[in-house]
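Close look at the chain arrangement
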Amino acid sequence: MSVHIANDAHFAKTVLMPGDPLRAKFIADNFLVDAKEVTNIRGIHGYTGKTKEGKEISVMASGMGCPSIGIYSYELFSFYGVENIIRIGTAGSFQKNVRVGDVVIGLSASSNSGYGEQLMVKDVKMSPCCDFSLALKAYENAKNMNLKVHVGPIYSSDCFYNVDDSINEKMRNIGMLAVEMEAYALYINAWLLHKKALCICTISDSLSGSNEVELTSEERQTKLNDMFKLALSLAD
Ligand code: HPA
């Protein structure tokens, strides 16, 4: 089976994937009922339990970047019967109207990552995208929860620290909503393996040139909790 996830681990059809292992534990401890740890290899914690409405759901960390989420999402989809992976992370905003604390649903993921090349059709520049049914449900649920939500293209960067930040202005000009580091590999795997994926992000910082006041740690946690509840509402 898998060298990165415990072989006897049981996962629900839907897995939420934060980047941070401690965030996975936080969600299991605070939002799931009867959560059991099902894997913990290399500190990548995974849990399976139920939502408060009684639907089975799992949460497992992805680590950071395309190679890391590429490995874990491939194994979950291929070897553990997982059908839906919802990445839940933070992102930097390129747009002035996409403000710190807002939710972004990534329709498509562009990237400077080489992750897709091995899987792609020669001479064709493929454009990985999310699953429409998951995006629609997430958008409707976000609206019902009164969250400030944006839906559009996102950028999965291999570099958190960019020497040349002129890319921010270019991305702003073409209407790219935000930057994170994992959606591209997740969407490619879902595509390749005929599964469903979605990336939902809370904006943690602004690269739009606007002077935004940073969220207090309490405000930040409240915003993240809203995103966790939104992701949990997508359980089948
Ligand atoms: N860059 C890349 N990933 C991120 C950022 C960023 O500025 N903020 C949150 N995730």
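Along each chain, the written sequence defines residue order, and numbers are assigned to residues from 1. Confidence filtering applies because this is a predicted model: local features only for residues at pLDDT of at least 70, side-chain atom pairs given and counted only at 80 or more, and all residues used for totals across whole chains, interfaces and linings. For side-chain calculations, the full set of non-hydrogen atoms in the structure is used, while hydrogens and water are omitted.

Some points on the site of the ligand
Surrounding the ligand, one finds Thr90, Ala91, Gly92, Phe160, Val179, Glu180, Met181, Ser204, Asp205 and Leu207. In protein, a polar contact means a hydrogen-donor-capable atom and an acceptor-capable atom, both N or O and within 3.5 Å, with residues adjacent in sequence counting only if both atoms are side-chain atoms; elsewhere, any N or O pair within 3.5 Å suffices. In this structure, a nitrogen atom belonging to the ligand sits 3.3 Å away from a main-chain N or O atom of threonine 90. Within the contact set of the ligand, a nitrogen atom lies 2.8 Å away from a side-chain nitrogen or oxygen of aspartate 205. Protein burial of the ligand: of its 260 Å² of free accessible surface, 88% is covered by the chains. Comment: elements are numbered from the N terminus, with helices defined as DSSP H or I runs of at least four residues and strands as E runs of at least two. Ranked by residue count, the leading element in the shell around the ligand is strand β5 (residues 84–93), at 3 residues. For this purpose, a residue is taken to be near a molecule or strand whenever a single non-hydrogen atom of the residue falls within 4 Å of it. Note on areas: Shrake-Rupley, 1.4 Å probe, and residue coverage restricted to the protein chains presented here.

A word on unusual backbone geometry
One can expect most non-glycine residues to show negative phi and most peptide bonds to be in trans. For asparagine 146, which is not glycine, the phi dihedral falls at a positive 60 degrees. For asparagine 146, the location among the structural elements is in the loop between α3 (132–144) and β7 (149–156). Here histidine 194, not a glycine, exhibits a phi torsion of approximately 60 degrees, which is positive. Mapped onto the fold, histidine 194 is located in the loop between α5 (183–193) and β9 (196–206). Judged by relative accessible area, which is 72%, histidine 194 ranks as exposed. Only protein chains enter the area calculation, which uses a 1.4 Å probe; residues under 20% of their type maximum are buried, those over 50% are exposed, and those in between are partly exposed.

Description of the pairing of strand β3 (residues 44–50)
β3 sits mainly inside the fold: 6 of its 7 residues count as buried. Strand pairing is assigned whenever DSSP detects at least two bridges linking the two strands. Sheet analysis places strand β2 (residues 33–41) next to β3, joined by 6 bridges and oriented antiparallel. Bridging across to β3, valine 33 finds its partner in lysine 50. Between the antiparallel neighbours β2 and β3 lie 2 residues, among them arginine 42 with a positive phi of about 55 degrees. Relative to strand β4 (residues 56–60), β3 runs antiparallel, the two being bridged by 5 bridges. When the sheet's bridge partners are listed, tyrosine 47 is paired in β4 with valine 59. A loop of 5 residues connects β3 with β4, the two strands running antiparallel in sequence, and glycine 54 in this loop sits at a positive phi of about 90 degrees.

Topic: the pattern of salt bridges
Here, a salt bridge means any Lys or Arg side-chain nitrogen found within 4 Å of an Asp or Glu carboxyl oxygen. Tallying each qualifying case throughout the model produces 7 salt bridges. Between aspartate 29 and lysine 25 there is a salt bridge, with the nearest N and O atoms lying 2.9 Å from each other. Of this pair, aspartate 29 and lysine 25 both sit in helix α1 (residues 21–31), 4 residues apart, which is roughly one turn of that helix. The closest approach of N and O atoms between arginine 87 and glutamate 180, which form a salt bridge, is 2.7 Å. On the criterion of sequence distance, the pair formed by arginine 87 in strand β5 and glutamate 180 in strand β8 (residues 178–180) is long-range, its members being 93 residues apart. In this structure, a network of salt bridges that share partners links the residues Arg87, Glu180 and Glu182.

Thoughts on the nonpolar core
Residues Phe11, Met60, Leu76, Tyr187, Leu198 and Ile200 are the most contacted members of the largest nonpolar core, which totals 68 residues. Here this core gets 7 residues from one element, more than from any other, and that element is α5. Contact between two residues is taken to exist if any of their heavy atoms lie within 4.5 Å; hydrogens are not considered. Ignoring anything within four residues of it in the chain, the contact list for isoleucine 200 reads Ile86, Arg87, Ile88, Gly89, Val103, Val104, Ala138, Met227, Leu230, Ala231 and Leu234. For this analysis, a nonpolar core means a set of buried residues of the types Ala, Val, Leu, Ile, Met, Phe, Trp, Tyr and Cys, connected via side-chain atoms within 4.5 Å. Residues Phe94, Tyr155, Met176 and Val179 belong to the second largest nonpolar core, which totals 5 residues.

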